[in-house]
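Results of the structural survey
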Amino acid sequence: MTEPKLSIVDLTKRYAADLDPAVDRLNMEVEEGHLVALLGPSGCGKTTTLRMVAGLMDPTAGSIVVDGKEITHTPVNKRGMGMVFQSYALFPHMNVEQNVAFGLEMRQVTKAEQKARVAAALDMVQLGHLGKRQTKELSGGQQQRIALARALVVEPTLLLLDEPLSNLDAKLRETMRTEIRAIQQRTRATTLFVTHDQDEALDMADRIAVMNGGLIEQFGSPTEVYERPRTHFVANFIGQANFLAARVGAETGRANLAGESHYKVEVDGLGQFGAIGSTGLSGSSHELVIRPHRLNVSLHPGAAQAPLAGTIERVSYTGDALAVAVRIGDQQLHAQMLTSSGDLPRIGDAAYLSWAADDAYLLPAAAQPVRLAA
Amino acid sequence: MTVLEAPAAPERPSAQDEGQLERATERRNRRTYLALLLPGLLGLLVSFVFPLAYMVRMSFNQGAPDGVIVETFTLDTYIQPLTDPYYWRVTLDTFQMGVTVGILCVIVSYPVALFLARSTSKWRGLLVAIAIAPLLTSAVVRTYGWMVILGTNGLINSSLGGLGLIDTPLKLTNNMTGVTIGLVEIFMPYAILAMISGFGRLSPQLEEAAGSLGASKFKVFTRVTLPLCLPGLLTAFLLVFVLSISTFITPRLLGGGSVQVLATEIYDQTTGLLNWPFAAALSVILLVLFGLIIAVYQRLTKKIGG
Amino acid sequence: MRATIKGKMAAVAALSAAVLVLSGCGGGSEAAGSGGSATSGEVNLIAYSGVWQDQYTAAVIEPFQAKYPDIKINYASKRSSAEMLSALQGQKNNPATDVAIMDNSVSTTGNKQGLFEKVDEESVPNLANVPEKFRDKEAYGPVAMLDAVGLVYDTATFPEAPDSWKVLWDPAYAGKINVNAPPSLLGLSLTAITSKMEGEDYTQGIDSAVTRLKEMAPGVQTFAPNPDEYQNVITGQTVLGLGQNARGQFYSDQSNKKMGVTFPKEGTVYQINTINLVKDAPHSEAAKTFVDYALSAEAQTAFAKALFYAPSVTNAELPADVKDRVVPTDGSLNIVPLDVEFLSSARDKWTDTWKRQIITN
Ligand SMILES: Nc1ncnc2c1ncn2[C@@H]1O[C@H](COP(=O)(O)OP(=O)(O)OP(=O)(O)O)[C@@H](O)[C@H]1O
Ligand SMILES: [Mg+2]
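Below is a short write-up of the structure. Please read these numbers as outputs of a predicted model, since none were measured by experiment.

1. Notes on the overall build of chain C
Regarding its fold elements, chain C presents 12 helices and 11 strands. Across the 361 residues of chain C, 56% fall into the buried class. Put simply, 75% of the contacts in chain C that link residues at least 6 apart link residues at least 24 apart. Accessible surface, chain C as shown: approximately 15,300 Å² in total, 50% of it carbon and sulfur.

Structural data, given as structure tokens:
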């Protein structure tokens, strides 16, 4: 692999000496052309990290390297990055064209070139016809796209987006998601994208950095963080999950080329099952993660082999899917059913659960007290 | 499965009915507002409209010597000042003083206002209070303060003299210089307040956005901060201008009789020479000057999109 | 939603009410007086403010009230005679004032405008002691006290009092002079004095005086001294200025002789105050009692001692040290006559002339 576009080394930010660090020795490497999502709950330090990369805030410690050059103390206006703010931050005293041209003007690009590049940037976001508009005469989505055009027109070394979609309604958010991803792929702009919306991250990102309390809990591709969460937090934060405390028994064989094994595990109150996990887990306690839609639910016994019998405790209907909570002993498991499946379950009905061994994943970290997914 | 049931639609009035209902409520509300406003409007009538009408009427009377007012309807009181170069000069001086004080006051207040508007400190409220605290003392007291500072034996002249920098005292008071210095300081709190309330569009994000687009600190200021402050600066200028050209005390006290502006002229005409009709005419001229400036101001604010 | 509208309405109503209360305060009207008798009721007096008010209250009003405990004097103070006249003009149809003490140039105007009552010896016996020259030809309010314009000087700069008005033109004192410009009587007087010094008849024209005054103007520090012409000299802001003898003498004592006042040889102008009965006064009987007391030897002597105004009655005996310091009324002082009739026509013109030609930056 060539050298990374951006490396962040032990980046730390303390807002005050008596506070816990908002960002704590964060490390990350971003490949050229990738879109990386910084994903995490509110207050986990996403914005802080992004602002340090942008140069809007001085780190307490650590360094930021772009294209092999350390820029930790380079002032913001010398970093050549493009930033899109949550509030868009379009200049209210300039029209659309002037907004987009601003960065070019600061770079002393000739008027003629400015004109051409502004037009191209506006066309790229499909707003070429709105050049003369005042910014307050634009819809939220349009402002969003202008902000994106303004950041991209300068061909930034890095494109930084801080929750760019959070001010839009759900429908528009999805459209813009696709559009931003398409534009990013076309321009091949290396992008850091802050969001607390897991769907957004999974859909758009090449890599996801899952942050929690100022730390990165996992950095990987969307499938990695979803299928192979490294911690309880990641499994819980991304998608939904059932957690079961399991005692790991004997390894029953090699599962795949990635070096994972099949195990026999035992869960109190439920019995013994097959599971998958990294090698060397035998003999200790680990958490078992099973995604709700990977659970097979049947209202009749015998449809699967060796099902677990339980009772339906909660049903919630969302049109496309039916989510049920099934009580087995002192465990409650969440599962999903298709709505087309004939009889609709009722609370109190008997239900039978089963899953494939490959869908029961053992977290590599030592077990934490079992918490159930919401 | 209750969740599957569609909720029963509550009975709703038709759209047309609803519209009528809304309009009726609106009418009723408007009437209530009017009724509630009535006492205030009456107060305004008594305390503002009547005196103003009285003044305008007075300006068409004829002032004879020794305070005798001849009830008549003449334009002499207007023709006299408008055809007299002296009053043109006084009007021009008044205007010029207003503009100078307005500009200087805006310049010295801007950094303070900008700092206060941007401050996120928990002391911000206190700092704002301190900035406008001078309003607690009357302009007369502050003017006397300036007389002490600017006088020939005042703080500035005695310090400069003591340091051997000057031989003869600088003439800082009893002239337009003194009046300007005094007015600028006296109106600073008003300017600061007007600015803080006029800086609504300013936001740190816009300045950060400009910075991230490659603008140096200086460029951020000239291209983003300053333009966004313009409406506030303009309002502050207008306020200080209007206050300056209508104020009497400071030009009188710090002007030492050498500064003749419309306000001091009006004072002399009323209390010194008892020529009320002439004073009323000068007041109307001053009022027209206000009107002109406010019209220009509104044009300008529209233009810069305040 | 409803609650917020109600809240707003309440605020609007409260505001409206407040405005009404405030504006209503301005229009308080005076209840018509009960009239009273010669020895009871009240007297509404209008006269000068400041030190004049303090001294007149102590020297005249308080002893009067000791003598007539049933008469209450309400003192409304004004900074100038013009302001008094203006107040009286405003009350013309419904007088609230009974007695006015003001400059004779202004009271003459008031007489002409029918603001005042004639005074006779029958209701004011002490008028008998006022010599003819201090009475009004048409028997309106007589002179109550006299003073004259003087030259105020800093005693440290001038161990000997300057003996000529010409010192105002001396370049040595340029920038250290205060001159109250017209319409102040001080400035009007200086105009007449200068004109006379130039050998001009100021009733005909003041061109030569204007030329001279223009030469003086650049050396004048202020044409509107603050807080007043005496304090300016006392605090060392200036070393020379125009002032009135009476207050000048008073402040000279107050300042431990830091400041002095003198009558230069070229002459000076009297400043004469008359005491006047307002026409249709609400308490005319008690008012006459007060005027009579004001013209008594006792009151005249007391006020001369207090503020160095010369008495207008023949029977007031002043101690020698006071007599030396009040303005002489026996013809020994060189007086530049500034006729009341003339002044009323010249005041506007001379004020204009000063503003347009003399006071220039
Ligand atoms: N100016 C500041 N002073 C002190 N603490 C701050 C400041 N800004 C942020 N913090 C704290 O730092 C932590 C990280 O904040 P940050 O804004 O980076 O969170 P975030 O991940 O962007 O959250 P969100 O999703 O809510 O925007 C939070 O605990 C926050 O309270
Ligand atoms: Mg954030």
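Next comes the rest of the description.
2. Observations regarding the site of ligand 1
Residues and elements named next belong to chain A. Around ligand 1 sit Y15, A22, S42, G43, C44, G45, K46, T47, T48, E163 and H196, and those are all the residues in its vicinity. Residue G43 places a main-chain N or O atom 2.7 Å away from an oxygen atom belonging to ligand 1. With respect to ligand 1, the backbone of G45 contributes an N or O atom lying 3.0 Å from an oxygen atom. The protein chains hide 57% of the 630 Å² of surface that ligand 1 would expose on its own. Considered class by class, the residues forming the shell around ligand 1 number three nonpolar, six polar and two charged.

3. With respect to a nonpolar patch on the surface
All names here are of chain B. Judged by side-chain polarity, L34, L37, L38, L41, L42, L44, L45, V46, F48, V49 and F50 come together as a nonpolar surface patch covering roughly 970 Å² of accessible area. Within the secondary structure layout, L44 lies in helix α1 (residues 15-58). Residue class for L44 comes out partly exposed when judged on its relative accessible area of 42%.

4. With respect to the side chain of S63 of chain A
Residues and elements named next belong to chain A. Inspection of the secondary structure assignment puts S63 in strand β4 (residues 61-66). A residue is classified by how much of its surface remains accessible, and S63, at 14% relative accessible area, is buried. Those residues within four positions of S63 in sequence are excluded, and the remaining contacts are S7, I8, V9, L11, E70 and T72.

5. Focus on the sheet that holds strand β15 (residues 296-298) of chain A
Residues and elements named next belong to chain A. What the five strands build is an open sheet, ordered β15-β19-β16-β17-β18; its pairing is antiparallel. Where the open sheet ends on each side, the last strands, each with one partner, are β15 and β18 (331-338). Each neighbouring strand pair of the sheet contributes to a mean axis angle of 40°, computed without reference to strand direction. Sheet topology note: the β15/strand β19 (residues 350-354) ladder contains three bridges and is antiparallel. Directly across from S298, in β19, lies its bridge partner Y352.

6. With respect to the packing of helix α3 (residues 81-90) of chain C against helix α4 (residues 104-112) of chain C
Residues and elements named next belong to chain C. Their axes nearest at 9 Å, the elements α3 and α4 cross at an angle of 20°. One way to sum up the angle between α3 and α4 is to call them roughly parallel. The handedness of the crossing between α3 and α4 is right-handed. Each of S81, A82 and L85 in α3 lies in contact with α4, whose residues at this interface are V106, T109 and G110. Across the contact of α3 with α4, the residue classes tally to three nonpolar, three polar and no charged.

7. A word on helix α10 (residues 297-307) of chain C
Most of α10 of chain C is tucked away: eight of the 11 residues are buried. In the stretch just after α10 of chain C, F308 of chain C is the one whose phi turns positive, near 65°.

8. Some details on the pattern of salt bridges
Under the definition given, this model contains 35 salt bridges over all chains. Taking the shortest distance from any N to any O, the salt bridge between R118 of chain B and E207 of chain B comes out at 2.3 Å. Here E207 of chain B lies in helix α8 (residues 204-212) and R118 of chain B lies in helix α3 (residues 85-118), a separation of 89 residues in the sequence. When its relative accessible area of 41% is taken as the criterion, R118 of chain B is described as partly exposed. We classify E207 of chain B as buried; its relative accessible area is 15%. Its salt-bridge partner being K112 of chain C, residue E341 of chain C comes within 3.6 Å of it at the nearest N-O pair. Of the two residues, E341 of chain C sits in helix α12 (residues 340-358) while K112 of chain C sits in helix α4, which places them 229 residues apart along the sequence. In this structure E341 of chain C comes out as partly exposed when scored by relative accessible area, which is 45%.

9. Re the interface of chain C and chain B
Where interface size is given, it is often the accessible area lost as the parts come together that is meant. Each partner contributes to the interface: chain C provides 38 residues, whereas chain B provides 40 residues. Roughly 3,300 Å² is buried in total at the junction of chain C and chain B, and carbon and sulfur atoms are behind 53% of that figure. At the boundary of chain C with chain B, the tally comes to three salt bridges. For D268 of chain B, the salt bridge goes to K355 of chain C, with nearest N and O atoms at 3.0 Å. In this structure, the connection of chain C to chain B is made through 12 residue pairs in polar contact (both at pLDDT 80 or more). Every element with two or more residues in the side of chain C that touches chain B is listed here: α1 (2-26), α3, β7 (220-222) and α12 of chain C. Sort the elements by how many residues they give to the side of chain C that touches chain B and α1 of chain C lands first, with 10 residues.

10. Remarks on the packing of aromatic side chains
Summed over all chains, the structure comprises 30 aromatic pairs over all chains. Aromatic side chains Y110 of chain B and F221 of chain B sit 6.1 Å apart centroid to centroid with 40° between the ring planes, which places their arrangement in the tilted category. Linking Y110 of chain B in helix α3 with F221 of chain B in helix α9 (residues 217-246), this pair joins segments that are 111 residues apart in sequence. On the basis of relative accessibility, which here comes to 9%, the residue Y110 of chain B falls in the buried class. Owing to a relative accessible area of 30%, F221 of chain B belongs among the partly exposed residues under this scheme. Both rings, one in F223 of chain C and one in W354 of chain C, keep their centres 6.4 Å apart while their planes meet at 80°; by these two values the pair is edge-to-face. Highlighted residues: F223 of chain C in the loop between β7 and α7 (229-234) and W354 of chain C in helix α12, separated in sequence by 131 residues. Its relative accessible area of 1% is what places W354 of chain C among the buried residues. A network of ring pairs unites the aromatic residues Y48, W52, Y56, F303 and Y309 of chain C as a single cluster. Just above the ring of Y226 of chain A sits the side chain of R291 of chain A; from NZ or CZ to the centre is 4.1 Å.

11. Focus on the interface of chain B and chain A
At the junction of the two partners, chain B supplies 19 residues and chain A supplies 24 residues. Roughly 2,100 Å² is buried in total at the junction of chain B and chain A, and carbon and sulfur atoms are behind 66% of that figure. Of all residues in chain B, S212, L213 and R223 of chain B bury the most surface against chain A, accounting for 32% of the area lost on that side. Counting across the chain B and chain A interface gives two salt bridges. Two residues, E105 of chain A and R223 of chain B, come together in a salt bridge whose shortest N-O distance is 2.2 Å. Our count for the contact surface shared by chain B and chain A stands at five residue pairs in polar contact (both at pLDDT 80 or more). Every element with two or more residues in the side of chain B that touches chain A is listed here: α8 and α9 of chain B. Tallying contributions element by element places α8 of chain B first for the side of chain B that touches chain A, with seven residues. Residues that form the side of chain B that touches chain A fall into these classes: 10 nonpolar, five polar and four charged.

Basis of the calculations
Residues numbered from 1 in each chain as written. Chains lettered and ligands numbered in written order. Predicted model: local features only at pLDDT ≥ 70, side-chain atom pairs only at ≥ 80, totals over all residues. Heavy atoms only, no water. Helix = DSSP H or I, 4+ residues; strand = E, 2+ residues; numbered from the N terminus. Buried < 20%, exposed > 50% of the residue type's maximum accessible area, 1.4 Å probe, protein only. Contact = heavy atoms within 4.5 Å. Areas by Shrake-Rupley, 256 points an atom, 1.4 Å probe, with all protein chains shown as cover. Near = heavy atom within 4 Å. Polar contact = N/O pair within 3.5 Å; in protein donor to acceptor, adjacent residues only side chain to side chain. Nonpolar A, V, L, I, M, F, W, Y, C, P; charged D, E, K, R; others polar. Patch = residues over 30% accessible without salt bridge, like charges linked within 9 Å, V, L, I, M, F, W, Y side chains within 5 Å. Salt bridge = Lys/Arg side-chain N within 4 Å of Asp/Glu carboxyl O. Pairing = 2+ DSSP bridges. Axes fitted to C-alpha atoms, helices over the stretch in contact; angles between N-to-C directions. Parallel < 35°, antiparallel > 145°, perpendicular 65-115°, else oblique. Left-handed = near helix turned anticlockwise from the far one by under 90°. Buried area = accessible area lost by both parts, 1.4 Å probe. Phe/Tyr/Trp six-rings, centres within 6.5 Å; stacked < 30°, edge-to-face > 60°. Lys NZ or Arg CZ within 6 Å of the ring centre and 35° of its normal.

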